[in-house]
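# Geometric and topological summary
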Amino acid sequence: MANLTAEQIEQKKQQLKQLSEEMNAIIKELQEAGAWPLDEDELDQVAGGFILGNLPKFKAL
């Protein structure tokens, strides 16, 4: 497991918040265009062919 300083952890939290906001903005645009939710084939492409249930588990912050 990687050891992060308190500053690095805070930077990662801020980065995660920013990416989450960007994702939500993209979803909103897709919804307004009538292209959301994505169909199963599109989801496979976005996930790189991985089944989401097989991705590694992450601990909640």
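Going by the structure above, here's the rest.
Summary of the structure given here. (Residues numbered from 1 in each chain as written. Predicted model: local features only at pLDDT ≥ 70, side-chain atom pairs only at ≥ 80, totals over all residues. Heavy atoms only, no water.)

### Topic: the overall build of the chain
Along the chain, the regular secondary structure elements total two helices and zero strands. Considering the chain as a whole, with its 61 residues, one finds that 2% of them fall into the buried category. When the accessible surface of the chain is split by element, carbon and sulfur atoms take 57% of a total near 5900 Å². (Helix = DSSP H or I, 4+ residues; strand = E, 2+ residues; numbered from the N terminus. Buried < 20%, exposed > 50% of the residue type's maximum accessible area, 1.4 Å probe, protein only. Areas by Shrake-Rupley, 256 points an atom, 1.4 Å probe, with all protein chains shown as cover.)

### A closer look at helix H1 (residues 6–32)
Between the first and last C-alpha of H1 there are 39 Å, a value that for 27 residues agrees with the 39 Å anticipated at 1.5 Å per step. One or two steps after H1, the chain reaches Gly34, where phi turns positive at roughly 75°. (Expected span 1.5 Å × (residues − 1).)

### Structural notes on a negative patch on the surface
A surface patch of negative charge is lined by Asp39, Glu40, Asp41, Glu42 and Asp44. Checked against the element boundaries, Asp44 lands in helix H2 (residues 40–46). Residue classification places Asp44 among the partly exposed positions, given a relative accessible area of 38%. (Patch = residues over 30% accessible without salt bridge, like charges linked within 9 Å, V, L, I, M, F, W, Y side chains within 5 Å. Salt bridge = Lys/Arg side-chain N within 4 Å of Asp/Glu carboxyl O. Lys, Arg positive; Asp, Glu negative; His and termini not counted. Charge placed at Lys NZ, Arg CZ, Asp CG, Glu CD.)

Distances and angles like these do not, on their own, reveal function.
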